[in-house]
Amino acid sequence: MRKLIAQKESSDPGSGGEPRCRGQEEWPGQITASSETLKCEGPVSTEQSSCHAEEEEDVTYSSDEDFQAKGYKFSKPFHLIISYDWLILQGPDTSIFEGDPLVLQCRAWQDWPLTQVIFYQEDSALAPPGPKREFSIDVVQKSDSGNYHCSGVFRSLGPGSRETASPVAITVHELFPAPILKAFPSSEPQEGDSVTLNCQTKLSPQRSASRLLFSFYKDGRSLSIRSVSAELQIPKASEEHSGSYWCEAATEDRHVWKQSPQLEIQVQALQKPTASETPPVEPPGTLPPPPAPSAEHLGASSSDPHLHHQIRLLLKQMQDVKVLLGHLVVELRDLTVYLKPGVTKVADK
């Protein structure tokens, strides 16, 4: 049989600090009983201090772990479990998060010596039997959550039987969720626009004092490594900035690090004017017919009859060329009008 003795002790009122409760285990030589002493240490503001609030509405919660009532500051609560087993597995007394160390102790009644100690997670042995009563994990992950227990054999003069401790549930809390990379104002910016990449995640409120460092990557190439800023600026986007981006958030010791899913950035090129938007070229006006040479220019005043005949033939040929040029100008004008966009659509229809 074990008995629990609770004592309330007060320290010097002028010593300052917050009250705290602690437990002291006393293991006397008697096999039949042991005792547990609880001490409350801290300043006492009044002579009539109390650990209970008379009215629930007077209680002010400052966090998940401590509270105030009627101006009194209370210590953080803890759970006390009294066991009558031969073996107990002692785990952490506070919340454990990703990246924390985990220490488990297999404790025997009256601290009797043990041999062939084995630690288990669920039903799987974590190590071969040995004399060590302690098992530790330097850096825990969420996969380390589960039910743990231990077993061992008490050393005695005769052969001892193996004893097994009751299982203890260990929960590894998430330090921060995997980040999400977002682009502002858009993941499809126009050329010349400014783009901001934001690596979004948040620490657990119980570990808000921790600090995260952020890294950014594009197409397997690093852009920014381990910066305290969760943002990356692209002042002037161009086509070369198109690609797959992702970010990484990690603790300063890199015990915990997580990557975001990839984000596709597609920079839109500026649109150039198409052929339909090009202003039509006005067709040239009708060329004036060339002036016909006069007989005076060709030497019509010559008295040679053969030369006069040749001049007549040349004038006739020039008249024929003039007519052909006139037809050519008319056809060019019709062709230019036909090539206009509006006329083309009408003709197609």
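Cut-offs and rules
- Think of each chain on its own: its residues are numbered from 1, step by step along the sequence as written.
- Residues qualify for local features only when their pLDDT is at least 70, as the model is predicted, and side-chain atom pairs are given and counted only at 80 or more; totals for whole chains, interfaces and linings, by contrast, use all residues.
- Water and hydrogen atoms were dropped before computing side-chain values, which therefore reflect all heavy atoms in the structure.
- In short, DSSP must find at least two bridges between two strands for them to pair.
- Under the DSSP-based scheme used, a helix requires at least four consecutive residues in state H or I and a strand at least two consecutive residues in state E, with every element numbered from the N terminus.
- To get an axis, fit a line to the C-alpha atoms, keeping to the stretch in contact for a helix; angles then go from 0 to 180 degrees between the N-to-C directions.
- In this analysis, rings of Phe, Tyr and Trp, with Trp reduced to its six-membered ring, are considered paired at centre separations within 6.5 Å, and the interplanar angle assigns stacked below 30 degrees, edge-to-face beyond 60, and tilted for intermediate values.
- Each residue is placed in one exposure class: buried if its accessible area under a 1.4 Å probe, protein chains only, is under 20% of its type's maximum, exposed if it is over 50%, and partly exposed if it falls in between.
- Remark: a charge is flagged as sitting over a ring if the NZ atom of Lys or the CZ atom of Arg is within 6 Å of the ring centre and within 35 degrees of the ring normal.
- Residue-level confidence of the predictor is what pLDDT reports, using numbers from 0 through 100.
- Contact criterion: two residues are considered in contact whenever any of their non-hydrogen atoms come within 4.5 Å of each other.
- For the purposes of this analysis, a disulfide is any pair of cysteine sulfur atoms at a distance within 2.5 Å.

Here's the deal with the sheet that holds strand β7 (residues 87-90)
Now for step 1: Taken in spatial order, the 3 strands make up an open sheet running β7-β9-β12, and their pairing is antiparallel. Two strands lie at the open edges of the sheet, namely β7 and β12 (134-137), each paired on one side alone. Each neighbouring strand pair of the sheet contributes to a mean axis angle of 15 degrees, computed without reference to strand direction.
Now for step 2: As paired elements, β7 and strand β9 (residues 102-108) share 4 bridges and run antiparallel to each other.

Focus: the packing of aromatic side chains
Two measures describe an aromatic ring pair: the distance that separates the ring centres and the angle between the ring planes.
Now for step 1: Taken as a whole and assessed by the stated rule, the structure comprises 7 aromatic pairs.
Now for step 2: Relative to Trp109, the ring of Trp86 has its centre 5.4 Å away and its plane inclined at 80 degrees; by these criteria the two rings are edge-to-face. Within this pair, whereas Trp86 is found in the loop between β6 (72-73) and β7, its partner Trp109 is found in the loop between β9 and β10 (114-121), the two being separated by 23 residues in sequence.
Now for step 3: Taking relative accessible area as the criterion, Trp86 reaches 43% and is therefore assigned partly exposed.
Now for step 4: Overall, Trp109 belongs to the buried group, its relative accessible area being 18%.
Now for step 5: Taking the centre distance of 5.8 Å and the plane angle of 75 degrees together, the rings of Trp86 and Phe154 count as edge-to-face. Note that Trp86 is positioned in the loop between β6 and β7 and Phe154 in strand β13 (residues 146-154), a separation of 68 residues in sequence.
Now for step 6: Among the aromatic residues, those joined into a cluster by ring pairs are Trp86, Trp109, Trp112 and Phe154.
Now for step 7: Note that Lys258 overlies the ring of Phe176, its terminal NZ or CZ placed 5.0 Å from the centroid.

Concerning the confidence of the model for the protein chain
Now for step 1: Averaged over every residue, the pLDDT of the protein chain is 76; residues scoring 70 or more account for 64%.
Now for step 2: Low pLDDT (under 50) marks residues 20-35, which in the prediction has 44 contacts with non-local residues, meaning those over four places away or in another chain.
Now for step 3: Counting contacts from residues 343-349, a segment whose pLDDT is below 50, to residues more than four positions away or on other chains yields 5 contacts.

Topic: the pairing of strand β22 (residues 243-251)
Now for step 1: Of all 9 residues in β22, 9 are buried; the element is thus mostly enclosed.
Now for step 2: Sheet analysis places strand β19 (residues 212-218) next to β22, joined by 7 bridges and oriented antiparallel. The residue of β22 that forms the bridge with Leu213 is Ala250.
Now for step 3: Bridge count between β22 and strand β24 (residues 263-265): 3 bridges; the pairing is antiparallel.

Here's the deal with the state of the cysteines
Now for step 1: Here the structure, examined in full by the defined rule, presents 2 disulfides.
Now for step 2: Between the sulfur atoms of Cys106 and its disulfide mate Cys150 the distance is 2.1 Å. Between Cys106 and Cys150, the S-S torsion sits near 80 degrees, and that sign places the bridge as right-handed. Here the residue Cys106 occupies a position in strand β9, and Cys150 occupies one in strand β13, the gap between them amounting to 44 residues. When sorted by exposure, Cys106 lands in the same class as Cys150, which is buried.
Now for step 3: Disulfide partner of Cys199: Cys247, at an S-S distance of 2.1 Å. Note on the Cys199 and Cys247 pair: the S-S dihedral is about 75 degrees, so by sign convention the disulfide is right-handed. Here Cys247 lies in strand β22 and Cys199 lies in strand β18 (residues 195-200), a separation of 48 residues in the sequence.
Now for step 4: Sequence-ordered numbering of the bonded cysteines in the protein chain gives a disulfide pattern of 1-2, 3-4.

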